[in-house]
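Results of the structural survey
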Amino acid sequence: MEGKINPRFVTWEEYGISKKRYKELKDICSSGQAEDKVLHAARKANSDIAEHIVESVKKNKSYEKIEYDNKLGRIPCGRTDFYGYRRLFYHLLDEDLKFE
């Protein structure tokens, strides 16, 4: 991980995502639009927790609800890291959608 910044320390502002854009991205995820891009961005953010990220953004579920849901099993990272990777996911999705 040398030379890389841990996503847990990167803010929405540093990713250039406003509250309005965040809501737009959430709506895209929950509506089922661009499912291939959603999955691609989740895998790119962190392949180990990609399914957990997709479940979180598509169904607006918190870390806790996913963590104790037997369907996907435990999340192999802590809460703060999970939300950092989820912010990274939204950044990657935003970048992907800008080039449509």
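Here the structure is shown first, and the text comes after it.
Residues numbered from 1 in each chain as written. Predicted model: local features only at pLDDT ≥ 70, side-chain atom pairs only at ≥ 80, totals over all residues. Heavy atoms only, no water.

**Section: the nonpolar core**
Nonpolar side chains in soluble globular proteins tend to be buried together. Within the largest apolar cluster, 28 residues are counted, with the highest numbers of intra-cluster contacts made by Ile53, Phe82, Phe89 and Leu93. Elements with a contribution of two residues or more to this core: helix H2 (19-31), helix H3 (35-45), helix H4 (50-59), helix H5 (63-67) and helix H6 (79-98). With nine residues, the single largest contributor to this core is H6. Apart from residues no more than four positions distant in its own chain, Leu93 is found in contact with Leu25, Cys29, Lys37, Val38 and Ala41. (Core = buried A, V, L, I, M, F, W, Y, C linked by side-chain atoms within 4.5 Å. Buried < 20%, exposed > 50% of the residue type's maximum accessible area, 1.4 Å probe, protein only. Helix = DSSP H or I, 4+ residues; strand = E, 2+ residues; numbered from the N terminus. Contact = heavy atoms within 4.5 Å.)

**Considerations on the side chain of Glu67**
Relative to the assigned elements, Glu67 resides in helix H5. A relative accessible area of 4% places Glu67 in the buried class. Polar contacts involving the side chain of Glu67 include one to the main-chain amide nitrogen of Ile75, which spans 2.9 Å. Every residue in contact with Glu67, bar those within four places of it in the chain, is listed here: Gly73, Arg74 and Ile75. (Polar contact = N/O pair within 3.5 Å; in protein donor to acceptor, adjacent residues only side chain to side chain.)

**A short note on H4**
Most of H4 is tucked away: seven of the ten residues are buried. Restricting attention to buried positions, one finds in H4 the residues Ala50, His52, Ile53, Val54, Glu55, Ser56 and Val57. If you follow the buried residues of H4, they end up packed against H2, H3, H5 and H6. Asn60, located one to two residues past H4, shows a positive phi value of around 50 degrees.

**Some remarks on the packing of aromatic side chains**
A full pass over the atoms with the stated rule returns six aromatic pairs. Both rings, one in Trp12 and one in Tyr90, keep their centres 5.8 Å apart while their planes meet at 45 degrees; by these two values the pair is tilted. Of this pair, Trp12 sits in helix H1 (residues 12-15) while Tyr90 sits in helix H6; the two residues are 78 residues apart in sequence, bridging distant segments of the chain. Judged by relative accessible area, Tyr90 falls into the buried class, the value being 2%. An aromatic cluster of three or more residues is present, and its members are Trp12, Tyr22, Phe89 and Tyr90. (Phe/Tyr/Trp six-rings, centres within 6.5 Å; stacked < 30°, edge-to-face > 60°.)

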